[in-house]
Every structure is written in structure tokens, then in C-alpha cells.
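Coordinate analysis (summary)
One-letter residues, chain by chain:
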Amino acid sequence: MSTREVCLLIGHGDEVLWCDASDSPNQLPDSRARWEAIWRLRDVLEEVAHSHPDGPLGFSAEDESTMAALTSALGKPLRFSVVAPEGMVARLRGRDVLVAAEPWWAEALRSASGIRHTPSGLA
């Protein structure tokens, strides 16, 4: 299976509310359907997670601008996270932290992205 970026919208109790995927391991192009789902789910949306099949274990410049736009549009802070082969990082109150105890959906996100978990020992 080839790798691809996948996005999950997460609600209370780690409930997966919505999912979409790209055809590329290196980008998740803007999607009208994704933006409409974010707006429709804004009252229950708590986290936006996506995969980086080829790394990095961190947020890209494009991720940064998307996170700023979402925070501004929704008028509330969200948790943002990236799941990569070697671990997971989340943006919490303006800080990036390695997630040691990953939620149940992180491995499902890796699977849907076509990547295997290869922990670096840091997370």
C-alpha cells in the first residue's frame, strides 16, 4: 500500500467525527468538504489530527497557517496533532509536546496512511 496523508476531526472522548485522505504522502490539499465538516462540527470539535507518512514529527509551515486560520475562524482553541511513523506531537496551549500515551485512533490513522509505527524512544 502506498502512503498518503489522512486527516481526522476528533470530538469529546476521542470520538472520530470525520475523516478524509489525500493521494499524496506529502500534502493534504485544501478540501471544501473538510472545511464544511469543520464548520458543521465546530461546537463539538476538539482536535484536528493528521498524518505525516514521511515525517517530520512536527508541524509544517502549511500546518502553521492552517492552524492559525482555524483558530481564528472558530474563535476557540483546538488541539492540533501530527502522527508520524516515529511518534505523535500535539500543540497544546501554544506548545508542541510529544505524546507518550497516544489515543486509540493514532494507530488507526497510521494504518489508514499506510505507515508503520516505528517509535523513536522519545515519545
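Remember, predicted model here, so these are calculated numbers, not experimental data.

What counts and how
Residues numbered from 1 in each chain as written. Predicted model: local features only at pLDDT ≥ 70, side-chain atom pairs only at ≥ 80, totals over all residues. Heavy atoms only, no water. Helix = DSSP H or I, 4+ residues; strand = E, 2+ residues; numbered from the N terminus. Rg over C-alpha atoms; globule rule 2.2 N^0.38 Å. Buried < 20%, exposed > 50% of the residue type's maximum accessible area, 1.4 Å probe, protein only. Contact = heavy atoms within 4.5 Å. Lys, Arg positive; Asp, Glu negative; His and termini not counted. Charge placed at Lys NZ, Arg CZ, Asp CG, Glu CD. Polar contact = N/O pair within 3.5 Å; in protein donor to acceptor, adjacent residues only side chain to side chain. Arc of directions from axis to C-beta. Core = buried A, V, L, I, M, F, W, Y, C linked by side-chain atoms within 4.5 Å.

Summing up its helical and strand segments, the protein has three helices and six strands in all. Taken from the N to the C terminus, the helices and strands of the protein come in the order β-β-α-β-α-β-β-β-α. Taken over the C-alpha trace, the protein has a radius of gyration of 13 Å; the compact-globule value for 123 residues is 14 Å, and the two agree within 12%. Seen through its principal axes, the protein has C-alpha atoms that stretch 35 × 30 × 30 Å. Looking at the protein as a whole, 41% of its 123 residues qualify as buried. Expressed as a percentage of contacts within the protein between residues at least 6 apart in sequence, the contacts between residues at least 24 apart total 59%. Side chains of the protein carry 12 positive and 18 negative charges; the gap between the two charge centres is 4 Å.

What follows deals with the environment of Glu36. Residue position: Glu36 is located in helix H1 (residues 32-40). Taking C-alpha positions, Glu36 is 17 Å from Leu78, a pair spaced 42 residues apart along the chain.

Now for the environment of Ala106. Within the secondary structure layout, Ala106 lies in helix H3 (residues 104-113). Contact partners of Ala106, with chain neighbours within four places excluded, come to Val83 and Met88.

Right, let's talk about the side chain of Ser24 for a bit. Examined against the element boundaries, Ser24 turns out to sit in the loop between strand S2 (16-21) and H1. Polar side-chain contacts of Ser24 include one of 3.0 Å to the backbone nitrogen of Asn26. Reaching out from Ser24, the side chain makes a polar contact with the backbone nitrogen of Gln27 at a distance of 3.4 Å. Contact partners of Ser24, with chain neighbours within four places excluded, come to Thr3, Arg4 and Glu5.

This part takes up H1. Given 3.6 residues per helical turn, the α-helix brings residues three or four places apart onto the same face. By the burial criterion, the buried members of H1 are Arg34, Ala37 and Ile38. Viewed end-on, H1 has its buried residues packed into an arc of 100 degrees, placing them on one side of the element. In H1, the exposed residues that point more than 90 degrees away from the buried face are Arg32 and Arg40. In this structure Ser31 caps H1, since a side-chain oxygen of it lies 3.3 Å from the backbone nitrogen of Ala33.

With that settled, consider the nonpolar core. Counting residues in each nonpolar core, the largest one holds 17 residues, and the members touching the most others are Leu9, Ile38, Leu45, Val48, Phe59, Leu78 and Phe80. Within the residue set of this core, elements represented by two or more residues are strand S1 (6-10), H1, helix H2 (61-74) and strand S4 (79-84). When residues of this core are assigned to their parent elements, the largest contribution, three residues, is made by H2. Leaving out residues up to four positions away in the same chain, Leu9 has contacts with Glu15, Val16, Leu17, Trp18, Ala37, Ile38, Leu41, Leu45, Glu47 and Val48. Ranked by size, the runner-up nonpolar core spans 11 residues in total, among them Ala49, Val83, Val99 and Trp105.

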